[in-house]
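# Examination of the molecular architecture
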Amino acid sequence: MVKAISAWSLWRTSRSAIILIIAVDLAALGAALASPGAVTQSELGTAALLASLSIVYSRFTVGWERARRALRQEKLPTLCPNLLATWTFAAAVLLPMTLVAAVIVAAAIAEWPARNIAGQATPHRYVYSTAGAILAATAAHGCMALALPAPLALALAALSYMAVGLAAVALAMLSAGQRQALRLLLKAESHKLEVLTIALATAQVQLITLHIPLAWLSLPAAIVIQRWAVQSDLHVADDPTIRPMTEAAWLTVAREVVAACPVTAIMRIQTTDPAAVSLVARMQVGCDAIGAMGKSGLAILLADCPGANAESLAMRMRTALQQRGVSALVAVAAKPRDGHTSADLLAVSEAELITRAAARRPSESLGPEA
């Protein structure tokens, strides 16, 4: 374990970044241990319920979240908010800080499989983000202790939770010189899901206050919102000048998404004509990630796309390419029909391309593939 920690990329960042990150981690630990106090049986029960809800949510949505994070790593590699604040914020408002920290840590452990994506999540970043959540919860907890009317205190707690969490991430980015990521973080559109989550968390507090079993209503609501977030991230912008991902990056994304999604497809287009890329971008048919596969053309990842839909798309793609005068071969492979890994789907689609090329060779003079 010591050897693994010593290999973290954290130690290769600037000294100021290392000092800040460790300081935040220690501050979160201190906040969790500073006020042990007496814990009632009712508070233990509420903590267990909130932790259970966060764990069930993570177990239920792990595949979706892995796909969403993998697809976003080329567009927004550092920003991928989740809905765990639905329960961690409620804990911050209702429970002593020791139990709040326990709920946050339980939620973080359950969420790790969704974040553990090659090239994106690293252990030290996740430890830091968990520490940031504890500090955000500490700020929210302090707001509830003020002599304010309950609705005002709750609103102030929600704002404090978001502000402190945002400040922790922004300071880390600033100290590490990640200015491009910081600009993305400061955009309002980056926090739509976070604001929605805090709104759901505020409703969660009210439900628990009314009758604690009502807290379970937050689970289906969070799952529906999570699914909406995934669908929002499954489509590229309608940009005819979109550039394909590098082959290495696309292979990483494809491996994670195919592993996470029960139904997925890969389309291969054997052409180097730039018009094919523009056409794929404009068709807007669920082309979630477009990769340049060396000299063999394009590979398109179609998350949540069944085999029948992928075949229909391939037919439309062949027709559209033919109408534009682009000579290209198109092949698709789908999970679970043709395999269960990205390697399986690439092999099947490659074999189909070879078969189509062989069938077409005697009549190459006839023009593009029909």
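Below is a summary of the structure that appears in this document. (Residues numbered from 1 in each chain as written. Predicted model: local features only at pLDDT ≥ 70, side-chain atom pairs only at ≥ 80, totals over all residues. Heavy atoms only, no water.)

Where helix 6 (residues 123-144) meets helix 7 (residues 150-175), the closest approach of the two axes is 8 Å, and the angle between their N-to-C directions is 150°. In terms of orientation, helix 6 and helix 7 fall into the roughly antiparallel class. Considering the relative orientation of helix 6 and helix 7, their crossing is right-handed. When helix 6 is examined against helix 7, the residues Tyr128, Gly132, Ala133, Leu135, Ala136, Ala137, Ala139, Ala140, Cys143 and Met144 are found in contact with a partner set consisting of Ala153, Leu154, Leu156, Ala157, Ser160, Tyr161, Val164, Gly165, Ala168, Val169 and Ala172. For the contact of helix 6 with helix 7, the residue count by class is 18 nonpolar, 3 polar and no charged. (Axes fitted to C-alpha atoms, helices over the stretch in contact; angles between N-to-C directions. Helix = DSSP H or I, 4+ residues; strand = E, 2+ residues; numbered from the N terminus. Parallel < 35°, antiparallel > 145°, perpendicular 65-115°, else oblique. Left-handed = near helix turned anticlockwise from the far one by under 90°. Contact = heavy atoms within 4.5 Å. Nonpolar A, V, L, I, M, F, W, Y, C, P; charged D, E, K, R; others polar.)

Another aspect to go through is the packing of helix 4 (residues 85-94) against helix 7. Two elements in contact, helix 4 and helix 7, have axes whose closest approach is 11 Å; the angle formed by their N-to-C orientations is 125°. Here helix 7 runs oblique to helix 4, going by the angle between their axes. Every pair of crossing elements has a handedness; the one defined by helix 4 and helix 7 is right-handed. Residues Ala85, Thr88, Phe89 and Val93 of helix 4 form the contact with helix 7, whose own contacting residues are Leu154, Ala157, Ala158 and Tyr161.

Another aspect to go through is the packing of aromatic side chains. Scanning the model with the defined rule gives 3 aromatic pairs in all. Where tyrosine 57 meets tryptophan 87, the ring centres are 5.3 Å apart and the plane angle is 50°; that geometry is what we call tilted. Taken together, the positions of tyrosine 57 in helix 3 (residues 41-72) and tryptophan 87 in helix 4 put the pair 30 residues apart, joining distant regions of the chain. Both residues of the pair, tyrosine 57 and tryptophan 87, count as buried. On the basis of an interplanar angle of 85° and a centroid distance of 5.6 Å, the ring pair of phenylalanine 89 and tyrosine 161 is categorised as edge-to-face. With a gap of 72 residues between them, phenylalanine 89 in helix 4 and tyrosine 161 in helix 7 connect regions that are remote in the sequence. The same class applies to phenylalanine 89 as to tyrosine 161, namely buried. (Phe/Tyr/Trp six-rings, centres within 6.5 Å; stacked < 30°, edge-to-face > 60°. Buried < 20%, exposed > 50% of the residue type's maximum accessible area, 1.4 Å probe, protein only.)

So, about the pattern of salt bridges. This structure, assessed with the given rule, holds 5 salt bridges. Residues arginine 268 and glutamate 350 are paired through a salt bridge, measuring 2.9 Å at the closest nitrogen-oxygen approach. Of the two residues, arginine 268 is situated in strand 1 (residues 264-270) and glutamate 350 in helix 14 (residues 342-360); the sequence distance between them amounts to 82 residues. Owing to a relative accessible area of 5%, arginine 268 belongs among the buried residues under this scheme. Its relative accessible area of 28% is what places glutamate 350 among the partly exposed residues. (Salt bridge = Lys/Arg side-chain N within 4 Å of Asp/Glu carboxyl O.)

This brings us to the pairing of strand 4 (residues 329-335). By the criterion of burial, strand 4 is predominantly enclosed, with 7 of the 7 residues buried. The two faces of strand 4 match: Leu329, Ala331, Ala333 and Lys335 on one face and Val330, Val332 and Ala334 on the other face are all buried. As defined by bridge partners, strand 1 adjoins strand 4 across 7 bridges and the pair is classed as antiparallel. Paired with glutamine 270 across the two strands is leucine 329, which belongs to strand 4. (Pairing = 2+ DSSP bridges.)

Attention now moves to the sheet that holds strand 3 (residues 298-303). Read from one edge of the open sheet, 4 strands run 2-3-1-4, paired in antiparallel fashion. Each edge of the open sheet is held by one strand with a lone partner, namely strand 2 (289-292) and strand 4. Averaged over all neighbouring strand pairs, the angle between strand axes comes to 20°, with direction disregarded. In this sheet, strand 3 lies alongside strand 2 in antiparallel orientation, the contact comprising 4 bridges. Considered in strand 3, the bridge of alanine 289 is made with leucine 301.

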